[in-house]
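Structural features, examined
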Amino acid sequence: MDESGALLPRPDFGDYLGHQRDPQEMIDEMVRVVPAGEHPYRTTYPPSLREQLRQFETQVWDATS
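First, a word on what this report is: a plain description of the structure on this page. (Residues numbered from 1 in each chain as written. Predicted model: local features only at pLDDT ≥ 70, side-chain atom pairs only at ≥ 80, totals over all residues. Heavy atoms only, no water.)

Some details on the overall build of the chain
Looking only at helices and strands, one finds three helices and zero strands in the chain. N-terminal to C-terminal, the α/β element order of the chain is α-α-α. Relative to the compact-globule value of 11 Å for 65 residues, the chain shows a C-alpha radius of gyration of 15 Å, a clear excess of over 25%. Across the 65 residues in the chain, those meeting the buried criterion constitute 6%. For the chain, the computed accessible surface area is about 6000 Å², with 56% contributed by carbon and sulfur atoms. Each charge sign in the chain was given a centre, from 6 positive and 12 negative side chains, and these centres are 5 Å apart. (Helix = DSSP H or I, 4+ residues; strand = E, 2+ residues; numbered from the N terminus. Rg over C-alpha atoms; globule rule 2.2 N^0.38 Å. Buried < 20%, exposed > 50% of the residue type's maximum accessible area, 1.4 Å probe, protein only. Areas by Shrake-Rupley, 256 points an atom, 1.4 Å probe, with all protein chains shown as cover. Lys, Arg positive; Asp, Glu negative; His and termini not counted. Charge placed at Lys NZ, Arg CZ, Asp CG, Glu CD.)

Thoughts on the side chain of Glu29
By the secondary structure assignment, Glu29 is in helix H2 (residues 23-33). Setting aside residues up to four positions removed in sequence, Glu29 forms contacts with Thr43 and Tyr45. (Contact = heavy atoms within 4.5 Å.)

Notes on the side chain of Thr44
Checked against the element boundaries, Thr44 lands in the loop between H2 and helix H3 (50-64). Here Thr44 falls in the buried class, since its relative accessible area comes to 10%. In this structure Thr44 touches Leu49, Arg50 and Leu53, once residues within four positions along its chain are discounted.

What to know about unusual backbone geometry
Cis geometry marks the peptide bond from Tyr45 to Pro46, where omega comes out at 0°. Counting through the fold element by element, Pro46 comes out in the loop between H2 and H3.

So, the pattern of salt bridges
In total, this model carries three salt bridges according to the counting rule given. Note that Glu25 and Arg21 form a salt bridge whose closest N and O atoms lie 2.7 Å from each other. Of the residues examined, Glu25 reaches a relative accessible area of 28% and is grouped as partly exposed. Taking the shortest distance from any N to any O, the salt bridge between Glu29 and Arg32 comes out at 2.7 Å. Taken together, the positions of Glu29 and Arg32, both in helix H2 and three residues apart, correspond to about one turn of that helix. (Salt bridge = Lys/Arg side-chain N within 4 Å of Asp/Glu carboxyl O.)

By themselves, these observations are geometric and do not establish any function.
Put into C-alpha cells, the structure is as follows:
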C-alpha cells in the first residue's frame, strides 16, 4: 500500500491483533449504548483504549494544523 500521502505513519496493530477481545463484549456494549437516550458522542470500548485513541487523534490534529 502506498503511504506516501499519509499524514502519519500507519499504526502497528500487531500487538492489538495478537490480543483481541471476545466479540461478545463489544456486542453487549453496543446493545447497551445504541438505544440509550444519551451517551458520549464517541463511545470507546474497552475504556482502556480511550487514552491511546486521544493520543493518536492529537497527533493527527497536530500534523494537520
